[in-house]
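What follows is the residue order along each chain.
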Amino acid sequence: MSMIIEDLTILGRAAPDLMKSKMVKTFCVAGYSPSRGFIRVYPTSIDCPMKFWNVVRVPLERNLQDSRFESWKIQGSKSEWDNLDSKIEEIGTYPKKERRQLVFNLVDGCRNDINDAHRSLGIIKPTKIKGYFQEREKISESEQKTLLDFLDIPKPKNHWIKTKAEYQFIPYIKYTCSDCKSKQGYHNQQLLSIEAYEWMRKHPDNLDQLWENFRINDKDYDAYLFIGNQARRRNAFMVISILRFKKSNYSLSRTRPLIPWKKVEKPKS
Ligand SMILES: [Zn+2]
């Protein structure tokens, strides 16, 4: 099954992973389309125009290794990797003034509601939230030394990119949802956001500043968590990105009709 999606707004981009078959570092991105609901696309390259709040047109096909309803890959991912970025067309950016309203309309009461509905992506507005770092037990040596490190050739321009497994620390978010149904009263999830990992790469001596940058406990800001589960562990959710907005004096409303603001559009069959 394939489709061309015309209206995908990017709401999150995870730090890279190593695709061992090609020895390239790839990114998973996720977002929302008014016509299709939440969508996840991987693998994508560092240079692809699927950046935060960009609206893109992209030809997608099903990923046979991933049966999650929201998961797709770019058409020709396998055979045309070097040419993949040219297939993505940047339509524009989502209007700044309307971003808060979009995210507000997509909020679920609890991570458990998303899980119970067998959805793999959703947005939470936490009431309590705390960020922290945990030391990685073992930094992956196989990931550290990619094939390129052994070859005596000039490194490609994006060689600086580090995969998650190469970092000494893992960022985590502990939070309570607005209508939390968790027995323990909170969720504890890894934060995958490229923003967090780039901060760690550039400021290894000032890690905790990250939480202030994210404004997660700033009373002048609203923070939302864009969360998703894992392909192999459907019950394990992670935070893909932290969306935050300065509070303003215009009010948010749920008066828009549910369609086209519905969260997913399941096939009728
Ligand atoms: Zn919850």
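Residues numbered from 1 in each chain as written. Predicted model: local features only at pLDDT ≥ 70, side-chain atom pairs only at ≥ 80, totals over all residues. Heavy atoms only, no water.

Draft legend 1. Representation of the pattern of salt bridges within the structure. Considering all chains together, one arrives at 16 salt bridges under this definition. The partner of Glu6 in a salt bridge is Arg57, with the nearest N and O atoms 3.0 Å apart. Taken as a pair, Glu6 in strand E1 (residues 2-13) and Arg57 in strand E5 (residues 54-61) lie far apart in primary sequence, 51 residues in all. By relative accessible area, which is 44% here, Glu6 ends up partly exposed. (Salt bridge = Lys/Arg side-chain N within 4 Å of Asp/Glu carboxyl O. Helix = DSSP H or I, 4+ residues; strand = E, 2+ residues; numbered from the N terminus. Buried < 20%, exposed > 50% of the residue type's maximum accessible area, 1.4 Å probe, protein only.)

Draft legend 2. Geometry of the coordination of the zinc ion. The coordination sphere of the zinc ion contains the protein donors Cys110 (SG), Cys177 (SG), Cys180 (SG) and His187 (NE2), at a distance range of 2.1 to 2.3 Å. Around the zinc ion sit four donor atoms; with metal-centred angles ranging over 97 to 123°, the donor geometry is tetrahedral. Mapped onto the sequence, the residues coordinating the zinc ion show the spacing C-x66-C-x2-C-x6-H. (Donors = N, O, S within 2.8 Å, 3.2 Å for Na, K, Ca; no water. Tetrahedral: all angles 85-135°; square planar, octahedral: opposite > 155°, others 65-115°.)

Draft legend 3. Quick look at the side chain of Arg119. The topology assignment puts Arg119 in the loop between helix H2 (111-116) and strand E9 (121-124). A relative accessible area of 7% places Arg119 in the buried class. At a separation of 3.2 Å, a polar atom in the side chain of Arg119 contacts the main-chain carbonyl oxygen of Leu121. (Polar contact = N/O pair within 3.5 Å; in protein donor to acceptor, adjacent residues only side chain to side chain.)

Draft legend 4. A look at the sheet that holds strand E11 (residues 169-176). The strand order E10-E11-E12 describes an open sheet built from three strands, whose pairing is antiparallel. Across the chains shown, the open sheet's two edge strands, defined by having one partner strand only, are strand E10 (128-135) and strand E12 (187-190). The mean angle between the axes of side-by-side strands here comes to 25°, regardless of whether they run parallel or antiparallel. Inspection of the sheet shows E11 paired to E12 by four bridges, in the antiparallel sense. Its bridge partner being in E12, Lys174 is matched across the sheet by Asn188. Contacts from helix H5 (residues 194-202) reach E10, E11 and E12 within the one sheet, and its direction differs from that of E11 by about 135°. (Pairing = 2+ DSSP bridges. Axes fitted to C-alpha atoms, helices over the stretch in contact; angles between N-to-C directions. Contact = heavy atoms within 4.5 Å.)

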